[in-house]
Amino acid sequence: MKFPISGQIRNVHFPPISEVREWAASYVPTPGRLLIDLCQAVPDYPPALELVNYLKGVIDDPLTSRYSPDEGLAEVREAVCARYGRVYGGVVTPRQICLTIGASQAFWLAMVTLCTAGDEVIVPLPCYFDHPMALDILGIRPVYLPFDEAGGGLVSCAAVERLITPRTRAILLVTPSNPTGVVTPPELISDLYELAGRRGIALVLDETYADFIPHRPHELFTDPEWSDHFVQIMSFGKTYALTGYRAGALIASEQFIHHALKAQDTMAVCQSRITQQAIRYGVEHLDGWVAANREMMARRHDRFREEFTSSGNPFLLVTSGAFFAWVRHPFPGLTGREVARRLVQESGLLCLPGDVFGPGLTDYLRLAFGNIREETIPEAVARFRETALR
């Protein structure tokens, strides 16, 4: 290669999902021994049939192929606001919403609006790998809060506050957590919100998997002043099984969205109209469908937890919930990457190593059960036990 590559991006690790899928390509399945995918956390079921049928009509509309306003169609954002009232019991207005190309773009918009190069964001470990990758590319310093295994993976407000410096711009929290599955209680979210307000920084919540927990995630939207120091990142792609449609949203104050749209216009202009119409149909018609899938995922989680924690499994389930299980592997001296590769090669199990979720996490693996049916769970757990015995 004869032209230069930025030193900053050279130092960012390769996308972990792509790396692990390269390992999977070397696995040779045998009869009755297909690869079991515990890697990528996406729903394995299709969108609702009525949504698919609705979109068949939308595609014929000539307007579908055109730009929309940068922030998204007004009628779609109004429909989203109505759903926020049902789910969160609070008030969000259309001018506080920017529809984005997935939650990943919403995160970029949030960070470039909040921070400049050299600023800091507090990032609890383990963290969703795309977040520090983006921060590193932007020259923003992730300040890691160590993982508290004894505390069940929940963050401590006191520990967070000790990390705040004059360069801190935000506390970042993913709940339910990717990768641990931990659901942060509403009371703790409220405490972090109060801490952020007191210290003049933002609380940024990534709630990509919020629709897979059975209770209201928090009460922040019921505060009339919520937008003063709260930013939410949301994904409707997981909610409505539309991950390939890239259906995200950034929720913040009107002023924040006003400035974020400067980046939106230069980055993507707008979310596609077909995705926006899918979101609108979902928020207006599919509450029952979402609830049924939430219950199905809860059954998968409960079955997985029951099987995995039964006696004789040397892999330790540390935390779990929503789409994920966070597991300590039983191979001292081996990194998570080495163990994950061994699981692919020897047992046909595809999962992510803890190494990719932050420093000091080589003893762990992330398992995602969005792709695994209930009837396959016993076979998957049996393969973990086999690997440990070899």
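Figured I'd write up the structure that's included with this text. (Residues numbered from 1 in each chain as written. Predicted model: local features only at pLDDT ≥ 70, side-chain atom pairs only at ≥ 80, totals over all residues. Heavy atoms only, no water.)

### Looking at the sheet that holds strand β3 (residues 120-124)
Adjacent strands of a sheet form backbone hydrogen bonds with each other and so pair up, either parallel or antiparallel.
Now for step 1: Taken together, seven strands build an open sheet; the order of strands is β2-β8-β7-β6-β5-β3-β4 and the sheet is mixed. Of all the strands in the sheet, just β2 (97-101) and β4 (141-145) have a single pairing partner and so form its edges. Taken over all neighbouring pairs, the strand axes of this sheet differ in orientation by 25 degrees on average, direction set aside.
Now for step 2: In this structure, β3 lies alongside strand β5 (residues 168-174), joined through three bridges in parallel fashion. Directly across from Glu120, in β5, lies its bridge partner Thr168.
Now for step 3: Contacting β2, β7 (230-235) and β8 (247-251), helix α4 (residues 74-88) crosses the sheet at an angle of about 105 degrees to β2.
Now for step 4: Contacts from helix α6 (residues 130-138) reach β3, β4, β5 and β6 (202-206) within the one sheet, and its direction differs from that of β4 by about 145 degrees. (Pairing = 2+ DSSP bridges. Helix = DSSP H or I, 4+ residues; strand = E, 2+ residues; numbered from the N terminus. Axes fitted to C-alpha atoms, helices over the stretch in contact; angles between N-to-C directions. Contact = heavy atoms within 4.5 Å.)

### Some points on the layout of surface pockets
Over the atoms a probe the size of a water molecule is rolled, and this reveals where empty space is left.
Now for step 1: Looking at the largest pocket, its volume works out to about 580 Å³.
Now for step 2: Looking at the largest pocket, it is lined by 28 residues, and the ones nearest its centre are Ser104, Tyr128, Asp130, Lys238 and Arg246.
Now for step 3: Broken down by secondary-structure element, the contributors of at least two residues to the lining of the largest pocket are α2 (16-24), α5 (102-114) and α6.
Now for step 4: Grouping the constituent residues of the lining of the largest pocket by class yields 14 nonpolar, nine polar and five charged. (1 Å grid on protein atoms, 1.4 Å probe; cavity = no way out; pocket = protein on both sides within 12 Å on 5 of 7 lines; lining within 4 Å. Points joined across faces, edges and corners; volume = space filled by probe spheres on them. Nonpolar A, V, L, I, M, F, W, Y, C, P; charged D, E, K, R; others polar.)

So far we have only geometry, and geometry alone does not tell us how the molecule works.
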